[in-house]
Amino acid sequence: MWQRLGSFVVKNRLVLLIVLFALTGVMGYYASQVKLSYEFARAIPTDNPKYLDYKAFQQRFGDDGNVLVIGVKTDDIFKPATFSAYNNLHKSLKKVEYVEEILSIPAAIGLQKDTATGKLVPAKIFSDSVVEQGLLDSAKNVFLNLSFYKYKLYNPQEHAYLMAVRINKAALNSAKRTKIVADITKEVTAFENNTKIEAHLSGLPLIRTVVGDRIKKEMGFFLIGSLVLSALILLIFFRSISTTILSLLVVLFGVVWSLGVLQLCGYKISLLTALIPPLVVVIGIPNCIYFINKYHTSYLKNNDKTNALVDMVSKMGVVTLFCNITAAIGFAVFALTKSAILNEFGVVAGISIMVIFFISFILLPSALSYLPAPNAAQTKYLNNRWLTSFLLRIERWVVLHKKFVYAVTAVVLIFSVVGIFKLKSVAYIVDDLPKTDKIYTDLKFFEKNFKGVMPLEVVLDTKKPKGILKSTVDINKLAFFQDSFLAKQASLAKPLSVIDGIKFTYQAMSEGQGDSTYTLPAFGNPLKDLHDKLRQVDVRKENNEMTGADSATVKLVGSFVDSTEQYLRISMSMEDIGTADLPPVVDSIKRNANRILNSIDSIDVKDTLNPVYKVTVTGTSSTFLEGSHFIVNGLKESIFWAFLLIACCMLYLFKSARILVCSLIPNLIPLVITAGVMGWAGVPLKPSTVLVFSVALGIAIDITIRFLVNYKQELPVYNNDVNETVSATIRNTGLSIVYTSLVLIAGFVIFCFSGFGGTKALGWLTSITLFVATLTNLILLPVLLLAMAPRKKM
């Protein structure tokens, strides 16, 4: 069949080339339409309970991930010049398009009781035109006596101050966010230049925007880098500009098709899908090497270009097809997971790898038929003295030193298994960024001074509309849970809820000052009283020079109860403590909430126990934890499915259980060694590193297929003599295996230059796996074939 296909391709080369170029042009149009994803990656499926809890929270209270924070640390904030600059920063930021609200010290308000009406009136604490130190000190004393703001807008011990900027959610999920963040950063930089005070920026809007923009830049860098590197390697190997250009044309067509497939599937460029174009280059080049290597070998044998091309297609077509199938399986198994980001990556990568096979299958023989026959310089690599010597040495190890090969393998495996026991599974929201990156160091500033900026929410469901106004709700228990438990957690920032609204209002009504009056009233129904008093707040512009839109604090106090008055929200920020330490924190919150509020000592409370509240912990931090666990578990499953499907392909291809066992062992060992290296090097299991195993398995098995197919083809030539056939296979196939492995390893090494830890890990860990797989397939696989060969009958 493959012989006929080879003749068909050569005979109909012009038609096939026209069709291929036309289809590539169509895919090029779709590729030009692909867009960068600006939405937060959805790692968990839409039917996951944690995801449903988070969406319900967003519907009731709004988004929790659209606040950008600005922090400064100085002893001079309440000096006129510095305070004026800080106030001007607040005003400038309010003018930035799509900035909805800013909470900061210059805009802080207090509630005052109108003696004429008895209503609470919001009044700005600081005047817009403070020029005298005395007036500023007077306003400062009023502000510092309002405990509501302590550890939210300032840390008195560290002299650190915070400004929170809320940005329009729709704008953040669009291309506009880059300009928004750039405009905010510009104003902050102007403040720094004016005051010589270093400012720190953080929050999910900043992190998402900067990471997204870097992905876009890195995608172009890696694509160009992989093409240049591949071109250099091909030029060194083949000593032919035309062959190099032809190979690059194959992978460029593959890149166009991959982006076109991305657009046709309705996906956008994300952190994972951005890796597909350079991966197509890395995987497509070996196709070219194997095809062209076979073409050159066949031409040297018969000195007939047409026959050499047909022989190339007939001999290497089935091999390359199954190599691409196994590589595609290594990626496509991600589509079996329910994680949207993994599903998209798996679908597009799997299709793209299969497309690159058909492109190389059509373009290479068709184009080579128009080019001159290879000359002596172009085939000189086939007699590389160094590689020939290396392969002969391998042959001696295989034939004469089997026990030594087994011993070295056993020692390395023992070392690796010990390393595996050192493996830890942990991920952080920003752990893919270098520790010296300003985003990372700024985040640590907020963790040190304000205990972090990652949102965490506790939602209390009273189980009936207007339930928070009922006398059955024990406000003192709520206050005890918040002040005596949540506020004392090392990794949690000061919680904020309707309790603080009650205290803030009561302090204003009693005209008290300081922490001693920032407390709950001793009688009445404080929740209902707060509800009524907030409705009485007068924000008339003529009395206070402010509008309802300006009174951010009043809005903040009133935002912790949903519109049905059934749900209470306790909002916190927290440190990026990682997926290992977050579950105990979440479980502790649930257990203590149920113990204090429901008098039940349990993490999850059943409705049959008739609890007062149903307690839910949600927010970006909680969903990130669930997403990380979901991705890691999904990737572990994908490794199993990749292994199973690849084993089925190998069994179908070789129809021998003996060869199946021989083929799988050399590819499992590199995975074990890589896992061991991760353990010894302290690289944790997380979404970006677990990805390595199924990807590397799908690519490394290519080497095995090419070796075993050649072994199977050579076996009849040597009268089924396994020893002679193994030696011949090492000599005949080893050269192209070494060349291809060098291309693959070099292609993945380029990812080590990424600014993201996950992409960097994908680069060096996959390179290690492929290097070890090359050695196991050239040394251990032949040893196993000899060991498991049928005994000759005497």
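Here the residue numbering is sequential within each chain, running from 1 through the sequence in written order. In view of the model being predicted, local features appear only for residues whose pLDDT reaches at least 70, and side-chain atom pairs are presented and counted only at 80 or more, with totals across whole chains, interfaces and linings using the full set of residues. Hydrogens and water molecules were not included; the side-chain quantities draw on all heavy atoms of the structure.

*Asks:* Got a sec to walk through unusual backbone geometry? Specific residues and values, please.
*Replies:* Non-glycine residue Lys196 carries a positive phi angle of around 60°. A run of DSSP states H or I qualifies as a helix once it reaches four residues; a run of E qualifies as a strand once it reaches two. Both are numbered from the N-terminal end. If you trace the backbone, Lys196 turns up in the loop between α7 (176-195) and β7 (199-202). Relative accessibility thresholds used throughout: buried, under 20% of the residue-type maximum; exposed, over 50%; partly exposed, between the two (1.4 Å probe, protein chains only). Take Lys196: its relative accessible area is 72%, and that puts it in the exposed class.

*Asks:* Break down the pairing of strand β10 (residues 614-618) for me, with residues and values.
*Replies:* Counting buried positions along β10 gives four out of five residues, so the element sits mostly inside the fold. Of the pairings in the sheet, the one linking strand β8 (residues 454-461) to β10 comprises five bridges and is antiparallel in character. Bridge pairing links Glu457 to Thr618 in β10. Think of it this way: DSSP has to see at least two bridges between two strands before they count as a pair.

*Asks:* Before we move on, can you summarise the nonpolar core with the specific residues and values?
*Replies:* A general feature of soluble globular proteins is that nonpolar side chains tend to end up buried together. Here, the term nonpolar core denotes a set of buried Ala, Val, Leu, Ile, Met, Phe, Trp, Tyr and Cys residues that are joined through side-chain atoms within 4.5 Å. In terms of nonpolar packing, the biggest core is built from 255 residues, with Ile105, Tyr149, Ile184, Phe481 and Ile589 touching the most fellow members. Filtering out sequence-adjacent residues up to four positions away, Ile184 remains in contact with Leu68, Ile70, Leu93, Val96, Val99, Val165, Ile167 and Leu201. Membership of the second largest hydrophobic core comes to five residues, among which are Tyr54, Phe57, Phe61 and Val459. Contact criterion: two residues are considered in contact whenever any of their non-hydrogen atoms come within 4.5 Å of each other.

*Asks:* Quick rundown of the sheet that holds β10? Include the residues and the values.
*Replies:* With respect to topology, three strands assemble into an open sheet ordered β9-β8-β10, the strand pairing being antiparallel. Either end of the sheet is taken by a strand with one partner, and the two such strands are β9 (567-574) and β10. Recorded for the sheet is a direction-independent mean angle of 15° between the axes of neighbouring strands. Bridge count for β8 against β9 is eight bridges, and the pairing is antiparallel. Directly across from Pro455, in β9, lies its bridge partner Ser573. In this analysis, axes come from line fits to C-alpha atoms, helices being fitted only over the stretch in contact, and the angle between any two N-to-C directions falls in the range 0 to 180 degrees.

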